[in-house]
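What follows is the residue order along each chain.
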Amino acid sequence: MKGESYEKLVKDIYEALGKLDGVKILGWGRSCKVPGNSGESHQIDVLTSHSAGMHMYKTAIECKDWERRKVGKDVITKLAFILKDSNVDKGVVVSKSGFTSGAKSLAKSENISLVELRQPVPKDWDGVIKDVHIEVNLCSPETYDYRFVQDVVEDENKLERLHVSDLDVQIHVPARKPITLHEMTNRVLNVIDPDEKNTDAAGFEWTEVSAQENEKEYVVQFPDGTTLSVAQKEGRGKIREIHFKARFNIFRTHINIYGEEYISMIMHYIFENRRLVISPDGAIHGAGPLG
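Take the packing of helix α2 (residues 73-86) against helix α3 (residues 101-109) next. Direction vectors running N to C along α2 and α3 enclose 20 degrees, while the axes themselves pass 8 Å from each other. The orientation of α2 with respect to α3, classified from their angle, is roughly parallel. Contacts between α2 and α3 involve K73, I76 and T77 on the former and, on the latter, G102, A103, L106 and A107. Residue composition of the contact of α2 with α3, grouped by class: four nonpolar, two polar and one charged.

With a phi angle near 60 degrees, N87 is a residue other than glycine that sits in the positive phi range. A relative accessible area of 53% means that N87 is categorised as exposed.

With that out of the way, let us pick up the sheet that holds strand β4 (residues 46-52). Strand order across the open sheet formed by eight strands is β1-β4-β5-β6-β7-β17-β18-β19, with mixed pairing between neighbours. Strands at the two margins of the open sheet, each flanked by one partner only, are β1 (24-28) and β19 (284-285). Taken together, the five bridges between strand β17 (residues 265-269) and strand β18 (residues 274-278) define a ladder with antiparallel strand orientation. Note that in β18 the partner of I266 across the bridge is V277. Docked against the sheet, α2 engages β5 (55-64), β6 (90-95) and β7 (112-118), running at close to 150 degrees with respect to β6.

Moving on, we come to the sheet that holds strand β16 (residues 241-257). Spatial ordering of the open sheet is given by β8-β16-β13-β12-β11, a layout of five strands whose pairing is antiparallel. The sheet terminates laterally at β8 (132-149) and β11 (198-199), the two strands that pair on one side only. In terms of strand pairing, strand β12 (residues 205-212) meets strand β13 (residues 215-221) through seven bridges, oriented antiparallel. Bridge pairing links T207 to V219 in β13. Together, β8, β12, β13 and β16 form the strand contacts of helix α4 (residues 181-189), whose direction differs from that of β16 by roughly 65 degrees.

Each regular strand carries side chains that alternate between the two faces of the sheet. As defined by bridge partners, β1 adjoins β4 across four bridges and the pair is classed as antiparallel. Residue I25 lies in a different strand from β4, and its bridge partner there is T48. Counted along the chain from β4 to the antiparallel partner β5, the turn is two residues long, and its residue G53 has a positive phi close to 70 degrees.

This brings us to the packing of aromatic side chains. Per the stated rule, a full pass over the model turns up five aromatic pairs. Seen from their ring centres, W206 and Y218 are 5.8 Å apart, and the 70 degrees between their planes marks the pair as edge-to-face. One end of the pair, W206, is in strand β12; the other, Y218, is in strand β13, and twelve residues separate them in sequence. Like W206, the residue Y218 is buried in the burial classification. By way of ring pairs, the aromatic residues Y146, F148, W206, Y218 and F244 are connected into one cluster. Directly above the aromatic system of W66 lies the positively charged group of R69, at a separation of 3.9 Å from the ring centroid. The lysine or arginine in question, R274, covers the ring of Y269, its NZ or CZ lying 4.4 Å from the ring centre.

With respect to the helices and strands, the residue E62 is situated in strand β5. Within polar-contact distance, the side chain of E62 engages the side chain of K64 at 3.3 Å. Apart from residues lying up to four places away in sequence, E62 is in contact with D45, V75, L79, V92, V93 and V94.

Moving on to the environment of I284. Relative to the assigned elements, I284 resides in strand β19. Residue class for I284 comes out partly exposed when judged on its relative accessible area of 23%. In contact with I284, not counting residues within four places along its chain, are I13, A16, L17, L276, V277 and I278.

Conventions and cut-offs
- Residues numbered from 1 in each chain as written.
- Predicted model: local features only at pLDDT ≥ 70, side-chain atom pairs only at ≥ 80, totals over all residues.
- Heavy atoms only, no water.
- Axes fitted to C-alpha atoms, helices over the stretch in contact; angles between N-to-C directions.
- Helix = DSSP H or I, 4+ residues; strand = E, 2+ residues; numbered from the N terminus.
- Parallel < 35°, antiparallel > 145°, perpendicular 65-115°, else oblique.
- Contact = heavy atoms within 4.5 Å.
- Nonpolar A, V, L, I, M, F, W, Y, C, P; charged D, E, K, R; others polar.
- Buried < 20%, exposed > 50% of the residue type's maximum accessible area, 1.4 Å probe, protein only.
- Pairing = 2+ DSSP bridges.
- Phe/Tyr/Trp six-rings, centres within 6.5 Å; stacked < 30°, edge-to-face > 60°.
- Lys NZ or Arg CZ within 6 Å of the ring centre and 35° of its normal.
- Polar contact = N/O pair within 3.5 Å; in protein donor to acceptor, adjacent residues only side chain to side chain.

See the structure below:
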């Protein structure tokens, strides 16, 4: 990122931040110049304005995209002269590589703000989580081999052999709200560490009777008077127990989250000790008033 591209980045960031505080971009780049009392015009990398009451304040922003060399006193001295000669109210120096101690001292005495705008470096991640790696195991149970145990007297109330889904079958426990066969099996399977015998609020008890790798068998017992009904079918059949098996299919996936995908630039206000982060899509996080 060199020259005008760095200046444009600074302009875009201040423009985005300025929407919160009424800051406007008056100009930027080589064509942005202000007249001086000395008769000379001065090129300004980014020129902004904001209103405070009846007065309009202008800020000159100097951008330095030096890779290794820190900004020294000479840059501060030049900007201080431009501010006085052109009657611009405030100055800011934005640097990619930081500032010397002499530049910081001079800038503070001249009331010039210093801002570091750069890509993250390893030390920025000290004390924070940079990358996250997650392994997700999804367990999808498949129920099958249902067996119904009935209390039948003189061939009455027998269950017919029907091809229906578990959502079509309803269980009617006395003095309880009916639930579907699908709901019943889900309640059983949602208990991760079952006791020897479990009682459900719907009025039935169940037990895990066998367990193998990725497969379990359950027996569900109902109180006297429990019946089954099937949607769009008249009559009910008495039921005492339901046996069924569940096969647990495991699907594994990995999710990787890398810090670089969320933070592309760091903006550090030296004197205010305030830091913003800019994501690759241009979103700015941690922003406060520009001041």
